[in-house]
Amino acid sequence: MTTQTMKIAVLPGDGIGPEVMAAALELLHVVRAACGGPVLQFDTRDAGAQFYARSGVALPEATVEACRQADAMLFGAMGWPDIRNADGTEIMPQLELRMEFSLYAGVRPIRWFPGVPMVLADERARAIDFVLIREQTEGLFYSRGRGRMVGDSEAYDTMQITRAGTARVSEFAFRLAERRRARRAAAGLHSLVTCVDKANVFLSMAFFRRVFDEVAARHPEIAADHFLVDAMAMTMLKRPWDLDVMVMENMYGDILSDMGAGLIGGLGMAPSGDIGDDHGLFQPVHGSAPDIAGQGRANPCAMFLSAAMMLDWLADRHGEPRLEVGARVIESAVEMALTSGSVVPMEYGGDAGTRAVTEAVIGAVPGALRRLG
Ligand code: ATP
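Residues numbered from 1 in each chain as written. Predicted model: local features only at pLDDT ≥ 70, side-chain atom pairs only at ≥ 80, totals over all residues. Heavy atoms only, no water.

Participant: Please provide a residue-by-residue account of the site of the ligand, values included.
Facilitator: Neighbouring the ligand are 13 residues; His286, Gly287, Ala289, Asp291 and Asn299 lie closest to it. Note that an oxygen atom of the ligand is positioned 3.4 Å from one of the backbone N or O atoms of Ser288. With respect to the ligand, the backbone of Asn299 contributes an N or O atom lying 2.9 Å from a nitrogen atom. Relative to its unbound accessible surface of 620 Å², the ligand loses 65% to contact with the protein. Looking at the shell around the ligand residue by residue, the class counts come to five nonpolar, five polar and three charged. (Near = heavy atom within 4 Å. Polar contact = N/O pair within 3.5 Å; in protein donor to acceptor, adjacent residues only side chain to side chain. Areas by Shrake-Rupley, 256 points an atom, 1.4 Å probe, with all protein chains shown as cover. Nonpolar A, V, L, I, M, F, W, Y, C, P; charged D, E, K, R; others polar.)

Participant: Give a detailed account of the packing of aromatic side chains, specifying residues and quantitative values.
Facilitator: Working definition: an aromatic ring pair is given by the centre-to-centre distance plus the angle between the planes. As enumerated under the stated definition, the model contains three aromatic pairs in all. Relative to Phe212, the ring of Phe174 has its centre 5.5 Å away and its plane inclined at 35 degrees; by these criteria the two rings are tilted. With Phe174 in helix α5 (residues 163–186) and Phe212 in helix α6 (residues 203–217), this residue pair connects regions lying 38 residues apart in the sequence. Take Phe174 and Phe212: they sit in the same class, and that class is buried. Its guanidinium or amino end placed over the ring of Phe113, Arg111 lies 4.5 Å from that ring's centre, counting from NZ or CZ. (Phe/Tyr/Trp six-rings, centres within 6.5 Å; stacked < 30°, edge-to-face > 60°. Helix = DSSP H or I, 4+ residues; strand = E, 2+ residues; numbered from the N terminus. Buried < 20%, exposed > 50% of the residue type's maximum accessible area, 1.4 Å probe, protein only. Lys NZ or Arg CZ within 6 Å of the ring centre and 35° of its normal.)

Participant: How would you summarise the sheet that holds strand β5 (residues 129–135) if you had to cite specific residues and measurements?
Facilitator: Strand pairs in the sheet, formed through backbone hydrogen bonds, run parallel or antiparallel to each other. With mixed pairing, the 10 strands of this open sheet are ordered in space as β2-β1-β3-β12-β11-β4-β5-β10-β8-β9. Two strands close off the open sheet at either side, each with one partner strand: β2 (39–44) and β9 (223–228). Going across the sheet, the axis of each strand differs from the next one's by a mean of 25 degrees, ignoring polarity. Examined bridge by bridge, strand β3 (residues 72–77) and strand β12 (residues 280–284) share two bridges and lie parallel to one another. Opposite Met73, over in β12, you have Leu281 as the bridge partner. (Pairing = 2+ DSSP bridges. Axes fitted to C-alpha atoms, helices over the stretch in contact; angles between N-to-C directions.)

Listed below in structure tokens is the structure:
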């Protein structure tokens, strides 16, 4: 029997991107050796602000093509404060990739990991486990590159909400809630999809809610509700343990997902997947972190957990349970490393830099595999 090979386009990018990416590739090699399953063939490609400074191109066509051919994309971080497009905007090839491959669902799991310092002074915060879904192909980001000035006295940006864009991301949210349902039910929790909007003020947001409601009506087995985005910001701080899956337009998702990362200890613990019908890109929520780049201080756990999301997604698409085992092993190894007490990431005031955290997580892989039976 021939071993299946899966091609992963690897885009390390800028700043701490290459640092956490190198750590994740090392971990993936170890996990694959321990769990078996398809061979992961990594195809590392150029892109990003620092590449732009050298070449004049931020996202070369060859990189886009490699991404198109790949089974999945693994992405570090891109962008650098001093390197800008001619109009002064930041160089962010990730936004182009979202459009190129229609990666409409930005999936940001917000889950507290044992071993990470608690941010909220409430024991129930240990149960934080929700998923924020950010629509990624329209919303206020539609205006990127399309903003309009009137003389030097007024500026306009436009929010785009389409029926098709809202329906597909809402469907995605209900399908995800459906998949989480058994696990939540086992813990005595009900399933819920929350539409986050500002339907009381904006026509575009009232339309978003209306289309969401139409989709919700097709999923009577899952409860649905609505929150205004300002009320959701407060709810995320007051009782985040009650949330399950929420869906929202691009800009609200951009803001609330950083807040979600803050709730579980910081950007170093927050993974994400940018998912479309045919492609998936996995990256930590954090950016290139210029303030700590090149110092070996970055917490690589968000990158590790993004790699686990990639394995889950591939497992699902290809019906390959060993990839799913790999995903659970990574999550478990991160948890075991952080609860061991021997490594406290610098992000949380400890002295463990990228290398020490990576070694601890890799060292926990055999134990994680045993724990999963
Ligand atoms: P972007 O706009 O590109 O998403 P950002 O403005 O959110 O970026 P980041 O680059 O993510 O900024 O960094 C925000 C802060 O979080 C910085 O102080 C950075 O050092 C810290 N940070 C981000 N990622 C990590 C990490 N993996 N480990 C430790 N600290 C991190």
